[in-house]
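# Examination of the molecular architecture
The residues making up each chain are set out below.
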Amino acid sequence: MRSNSSALPTAFCFAGQGSQYYHMAVDLFNTAPVFRQWMEIGDRIVKTTQGFSPLEIIYSTEHSLSDPFDHLEHSHPALFMTQFAAAKLLQSKGIRPDLLLGVSLGEFVAMSLAGMLPFEKALKVLAHQPSVFRGTTSPGALIAILAPEQIHEQSQVLRETTEIAGMNAERHCVLAAPEVETDRVIAELRRLDIPFQRLPVPFAFHSRWIETAQDDYLNAVKDVSFETPFWPVWSACLGAQTEAADGSFLWRIVREPMRLRATIAAIEARGSTNYIDLSPTGTFTAILRQEVAGGSSSSISALMSPFGGDLKRLDALVRSSPDETALDSRN
């Protein structure tokens, strides 16, 4: 298999909660046998262990694209399965990653694709996570904002009610807050005229407000074992490569802030890269365009979008010659 560019190493990028929506990747599911196969394998695993079908939920005719996909028990396995199946589809087309980049739940996808954590085990761990938080953690929120992280210190309200859960780009970060403070936070963001989006998650992940789940979480993953990765796995939790993992590292992924900006900078410091965004919303694409320096020869592309065109982008990725820049996801 070849990388998508002979000149640049190819990075498959996987996102976390907030990038899911109903009917995601429906064209790939209907027309790409490899994608469908991995989705069906995951569906059988979740049916057996959790008693419901992620596929019936993802592609339910009762939900439209605009309905919030915010039930964690459903969105956790659905998001993992979709991104993993997308990566397997690209591999089947001859597009091989040279490194994997994951943030939050996306780190589980990256570790699984790299062979650190087998697909079935990773999916079972993720499918079980929501019940751990549901039984131990008070409701909370994650709110993505288009502002530098310094805004947190500049606003007394934000200092009192939130923590920075993610530093994605120079003007893109994520705030965590308990549910009881969410209205106050949103009112402050509106007063400051800061664009924001509340993510479809029920808990304030990557903050102190989920620490009540730590003991139960660690107990749930204490027997999980890991192998040495056969591709480099870059962790937005560490801001560096993941050399080894254990149950405590899985906890760190969900508890500690997401350091995506620092991770991208560390990858770029090693040289330009061909980034392929495998999040359903193309989440990485906008962030990378902010963070990849103008002098870099890195390329940025996406496979999926809520607005359709997945087959067109897949075809362009496959048809692009080794020397061509990957497809611009705006097409």
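The present account deals with the structure reproduced in this document. (Residues numbered from 1 in each chain as written. Predicted model: local features only at pLDDT ≥ 70, side-chain atom pairs only at ≥ 80, totals over all residues. Heavy atoms only, no water.)

## Quick look at the nonpolar core
Soluble globular proteins tend to bury their nonpolar side chains together. What counts is decided by this rule: Joining through side-chain atoms within 4.5 Å is the link that ties buried Ala, Val, Leu, Ile, Met, Phe, Trp, Tyr and Cys residues into a set, and such a set is a nonpolar core. When accessible area is computed with a 1.4 Å probe and restricted to protein chains, residues below 20% of their type maximum are described as buried, those above 50% as exposed, and intermediate ones as partly exposed. Where helices and strands are cited, they refer to DSSP runs of H or I of at least four residues and of E of at least two residues respectively, numbered from the N terminus. When checking whether two residues touch, look at their non-hydrogen atoms; a contact exists if any pair is within 4.5 Å.
In this structure, Phe12, Phe35 and Phe80 are the most contacted members of the largest nonpolar core, which totals 98 residues. With eleven residues, the top contributor of residues to this core is helix 4 (residues 72-92). The residues contacting Phe12, other than those within four sequence positions of it, are Ala87, Leu90, Gln91, Ile95, Arg96, Pro97, Leu99, Leu100, Leu101, Leu113, Ile276 and Leu278. Among the nonpolar cores identified, the runner-up in size contains 14 residues, and Ile143, Ala147, Leu158 and Val185 belong to it.

## Describing the pattern of salt bridges
Defined as follows: By definition here, a salt bridge exists when the distance from a side-chain nitrogen of Lys or Arg to a carboxyl oxygen of Asp or Glu is within 4 Å.
Across all of its chains, the model carries 17 salt bridges by this definition. For the salt bridge of Arg134 with Glu73, the shortest nitrogen-to-oxygen distance reads 2.6 Å. Within this pair, whereas Arg134 is found in helix 6 (residues 119-136), its partner Glu73 is found in helix 4, the two being separated by 61 residues in sequence. In this structure Glu73 comes out as buried when scored by relative accessible area, which is 18%. Here the salt bridges share partners, and the residues they tie into one network are Glu160, Glu181 and Arg184.

## Looking at the environment of Ile145
Among the structural elements, Ile145 can be located in strand 3 (residues 140-145). When its relative accessible area of 0% is taken as the criterion, Ile145 is described as buried. Residues Ile145 and Cys237 lie 92 residues apart in sequence; the distance between their C-alpha atoms is 19 Å. Not counting chain neighbours up to four residues away, the residues in contact with Ile145 comprise Ile151, Arg171, His172, Cys173, Leu175, Leu189, Ile194, Pro195 and Phe196.

## Quick word on the sheet that holds strand 6 (residues 196-198)
Selection rule: In short, DSSP must find at least two bridges between two strands for them to pair. Under this scheme, a helix contributes an axis fitted over its contacting stretch, all axes are lines through C-alpha atoms, and angles between N-to-C directions fall in the 0 to 180 degree range.
The strand order 4-5-3-6 describes an open sheet built from four strands, whose pairing is antiparallel. Two strands bound the open sheet, and with one partner strand each, they are strand 4 (163-169) and strand 6. In this sheet, adjacent strand axes meet at a mean angle of 20 degrees when their direction is disregarded. Relative to strand 3, helix 9 (residues 182-191) is tilted by about 15 degrees, and along the sheet it contacts strand 3, strand 5 (172-178) and strand 6.

## A few points about the packing of helix 2 (residues 33-50) against helix 6
The criterion, for reference: Note on angle classes: values under 35 degrees are labelled roughly parallel, values over 145 roughly antiparallel, values of 65 to 115 roughly perpendicular, and the remainder oblique. Handedness of a helix crossing follows the sense of rotation of the near helix relative to the far helix, less than a right angle counterclockwise being left-handed and clockwise being right-handed. Amino acid classes used here: Ala, Val, Leu, Ile, Met, Phe, Trp, Tyr, Cys and Pro are nonpolar; Asp, Glu, Lys and Arg are charged; the rest, including Gly, are polar.
Interhelical geometry of helix 2 versus helix 6 gives an angle of 50 degrees and a closest axis separation of 10 Å. What the angle tells us is that helix 2 and helix 6 run oblique. Considering only the axes of helix 2 and helix 6, their crossing is right-handed. Between helix 2 and helix 6, the contacting residues are Trp38, Ile41, Gly42, Ile45, Val46, Thr49 and Gln50 on the first element and Phe119, Glu120, Leu123, Lys124, Ala127 and His128 on the second. Of the residues contributing to the contact of helix 2 with helix 6, the split by class is seven nonpolar, four polar and two charged.

## Some points on the packing of helix 5 (residues 105-113) against helix 11 (residues 247-255)
The interhelical angle for the contact between helix 5 and helix 11, taken along N-to-C directions, is 145 degrees, at an axis separation of 9 Å. Packed against helix 5, whose contacting residues are Glu107, Phe108 and Met111, the element helix 11 presents Phe249, Leu250 and Ile253 at the interface. For the contact of helix 5 with helix 11, the residue count by class is five nonpolar, no polar and one charged.

## Some details on the packing of aromatic side chains
Stated precisely, the cut-off is as follows: Centres within 6.5 Å are what make two rings of Phe, Tyr or Trp a pair, Trp counting through its six-membered ring; a difference in plane orientation under 30 degrees is then read as stacked, over 60 as edge-to-face, and the rest as tilted.
Per the stated rule, a full pass over the model turns up 13 aromatic pairs. Here Phe230 and Trp231 contribute two aromatic rings whose centre-to-centre distance is 5.2 Å and whose plane-to-plane angle is 65 degrees, an arrangement assigned as edge-to-face. For Phe230, a relative accessible area of 55% puts it in the exposed group. Here the aromatic residues Phe133, Phe203, Phe205, Tyr217 and Trp251 are joined through ring pairs into a cluster of three or more.

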